[in-house]
Amino acid sequence: MRQAGPSGEDIGRFPGSYYADTCDAPVAAAQLHGDVITDFCVIGGGFTGLGAALALARMGRSVRLVEMGPIGWGASGRNGGQIHVGWEQSQTWFEKKLGHDTAQALWRMALAARAHLDTLFDLAPDRCDFRPGLVFADHRPGHMAATHAHVRNMREVYGYGSLTPLSRDALRGMLDTAAYHGGSFDALGGHCHPLKLALAMARAAQAAGAMLHAHTPCTHLEPDRAGWRVTTPHGVIHAGQVLDASGAYARAMVPQTDAHVLPVNSYIATTEPLDPALAASLIEGGAAVSDARFVPYYFRLTPDHRLLFGGGESYGYRMPRDIAAFVRPHLARVFPQLAHVPISHAWGGSLAITPNRLPFVMQPQPGLHAVNGFSGVGVVMAPWLGQAVGRAMAGEANAAHDLVRRMPHPRFPGGPWLRWPTQALAMSFMALRDRL
Ligand SMILES: Cc1cc2nc3c(=O)[nH]c(=O)nc-3n(C[C@H](O)[C@H](O)[C@H](O)COP(=O)(O)OP(=O)(O)OC[C@H]3O[C@@H](n4cnc5c(N)ncnc54)[C@H](O)[C@@H]3O)c2cc1C
């Protein structure tokens, strides 16, 4: 039977993505039935929640996780799989806003998060299809000076030798498109199969003793005598502490976080498998590619020689009826030679963005924690910050948790009714400027 979630999508099963079709069976995680007591309850079975549950279970703590769909149903199981090293703001931005020392600490954390991701890939025999290399491509010639200045700063101030500049010719040697004018290459970036990653994290958490409950939405959350009462359709969890890790799919569960996140829908299509030589010619070396648009295009090849292309966005929870037709013009803009290529899968997902595009860690009430707002860099950052918050909840001193908690986390302007339309309008305008 179809069960509709807050986005109107079927939460009974994964969306019809390339990822769902190229993965093992979903993680066996029984729906919760009855009343149970636990030290920690995590709401949300994406990278953030799984990172926290895995860390807590490995510390020997009793932890239960509830997920309204199958484990990995949200953004974590459907994203572009692009591995960005760093935060969504540049190090120069941090230097100006937070000072040199904090900027350095944040960069060290970004590297720690990237190293942590490698340990998660090790959980799966196929390393979640990880491939190294990320190209950042400038779609306007005027952007190149800033990109190359960024590369210089990262190399000289942060000693980050993995990042190199790409001239127009170097970039054109790597990508068979005239859509870009130069950019940069990060050898420590890359791409992976995000649903395989979420499932590997879930299985590791179960093996360490975490109890995961799929198809178990939290419908109500309230304090009770022992901590928190997490109500689900067929059972209740009494938990000492709760972590809200519900991403863009959170609906007024923790009202204090509402003004800090805006859900944005992003769309992906995969082609039918291409001739291997044609596929290899599109992206020489098989790196991931992300561009400089306000709402970026992101693309890469899959191990079976498809082009996986992300482009186009919408606001609110309604998704286009024909997502393949929605993505195709964006794909054709970069690769006109593929304008009529058959598309095998097309899907969308919601990611949580914040006003400054940085994630936040909050403790709105005693024993209630919230982590959200990974914007477009959750593949690296969400599992890592999830585990950091899990450790901090268990009482471990954790510098990463403390620093992110101290970072500014502004609200979107406007009250509950005006916030979405005004922000959506502003973002649509910025995205439109990129298309002119
Ligand atoms: C199409 C798309 C492309 C993207 N591409 C990239 C990329 O290439 N690289 C990158 O780094 N990032 C990318 N992102 C962002 C990245 O996916 C997210 O930042 C990251 O997955 C966030 O993880 P999360 O655990 O916080 O949220 P989610 O993975 O969304 O997990 C939250 C979970 O909570 C569950 N939930 C919500 N409410 C409840 C409730 N009441 N009860 C129980 N469960 C609940 C949801 O079902 C969901 O599974 C992309 C996102 C999208 C949508």
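Summary of the structure given here.

What counts and how
Residues numbered from 1 in each chain as written. Predicted model: local features only at pLDDT ≥ 70, side-chain atom pairs only at ≥ 80, totals over all residues. Heavy atoms only, no water. Near = heavy atom within 4 Å. Polar contact = N/O pair within 3.5 Å; in protein donor to acceptor, adjacent residues only side chain to side chain. Areas by Shrake-Rupley, 256 points an atom, 1.4 Å probe, with all protein chains shown as cover. Helix = DSSP H or I, 4+ residues; strand = E, 2+ residues; numbered from the N terminus. Nonpolar A, V, L, I, M, F, W, Y, C, P; charged D, E, K, R; others polar. Domains from an automatic or database assignment. Contact = heavy atoms within 4.5 Å. Phe/Tyr/Trp six-rings, centres within 6.5 Å; stacked < 30°, edge-to-face > 60°. Buried < 20%, exposed > 50% of the residue type's maximum accessible area, 1.4 Å probe, protein only. Lys NZ or Arg CZ within 6 Å of the ring centre and 35° of its normal. Salt bridge = Lys/Arg side-chain N within 4 Å of Asp/Glu carboxyl O. Core = buried A, V, L, I, M, F, W, Y, C linked by side-chain atoms within 4.5 Å.

Close to the ligand lie 38 residues, the nearest being Thr48, Glu67, Ser76, Cys218 and Val379. Within the contact set of the ligand, an oxygen atom lies 3.3 Å away from a backbone nitrogen or oxygen of glycine 81. The contact in question runs from an oxygen atom of the ligand to an N or O atom on the backbone of valine 379, over 2.9 Å. Protein chains shield 96% of the accessible area of the ligand, which is 1,000 Å² for the free molecule. For the shell around the ligand, the secondary-structure elements that each account for two or more residues are α2 (47-58), β11 (262-271), β15 (343-353) and α10 (378-393). When residues in the shell around the ligand are grouped by element, the largest group, 3 residues, is from β15. Taken together, the residues that form the shell around the ligand break down as 17 nonpolar, 19 polar and 2 charged. Residues lining the shell around the ligand come from more than one domain, with at least three contributed by each of domain 1 (18-78 + 196-262 + 356-426) and domain 2 (131-194 + 263-353).

The next point concerns the environment of arginine 328. Looking at the element boundaries, arginine 328 is found in helix α9 (residues 323-334). Expressed as a C-alpha distance, the spacing of arginine 328 and threonine 271, which sit 57 residues apart in the sequence, is 10.0 Å. Arginine 328 has contacts with Leu338, Ala339, His340, Val341 and Ile343, leaving out every residue within four places of it along the chain. In this structure the side chain of arginine 328 is engaged in a polar contact, spanning 2.9 Å, whose partner is the backbone oxygen of valine 341.

The subject of this paragraph is the packing of aromatic side chains. The geometry of an aromatic ring pair is captured by two quantities: the separation of the ring centres and the angle between the planes. By the definition in use, this model includes 13 aromatic pairs. With 5.5 Å between their ring centres and 55° between their planes, tyrosine 297 and phenylalanine 309 make a pair best called tilted. In this pair, tyrosine 297 sits in the loop between β12 (288-291) and β13 (298-301) while phenylalanine 309 sits in strand β14 (residues 307-315), placing the two residues 12 residues apart along the sequence. As far as burial versus exposure is concerned, tyrosine 297 and phenylalanine 309 are alike and both buried. Arranged with centres 5.4 Å apart and planes meeting at 10°, the rings of phenylalanine 299 and phenylalanine 309 form a pair that is stacked. Of this pair, phenylalanine 299 sits in strand β13 while phenylalanine 309 sits in strand β14, and the two are 10 residues apart along the sequence. For the pair formed by phenylalanine 299 and phenylalanine 309, the shared burial category is buried. Aromatic ring contacts, followed pair by pair, group Tyr180, Tyr297, Phe299, Phe309 and Phe335 into a single cluster. Sitting over the face of the ring of tryptophan 73, arginine 78 holds its NZ or CZ atom 4.5 Å from the ring centroid.

Right, let's get into the pattern of salt bridges. This structure, assessed with the given rule, holds 12 salt bridges. Close ionic contact of glutamate 9 with arginine 78 constitutes a salt bridge, the shortest N to O distance being 2.9 Å. Here glutamate 9, found in the segment before α1 (18-21), pairs with arginine 78, found in the loop between β2 (63-66) and β3 (82-83); they are 69 residues apart in sequence, far enough to count as distant. Each member of the pair glutamate 9 and arginine 78 is classed as buried. Here aspartate 118 and arginine 114 are joined by a salt bridge, their closest N and O atoms 3.2 Å apart.

The next point concerns the nonpolar core. By size, the foremost hydrophobic cluster in this structure holds 82 residues, and its most contacted members are Ile71, Trp87, Leu197 and Leu385. Top element by residues in this core is helix α4 (residues 100-121). It accounts for 10 residues. Formed jointly, this core draws a minimum of three residues from each of two domains, domain 1 (18-78 + 196-262 + 356-426) and domain 2 (131-194 + 263-353). In this structure leucine 197 touches Phe47, Leu117, Leu120, Phe121, Cys128 and Val379, once residues within four positions along its chain are discounted. Core analysis: the second largest hydrophobic core is formed by 28 residues, Leu274, Val289, Phe299 and Val327 among them.

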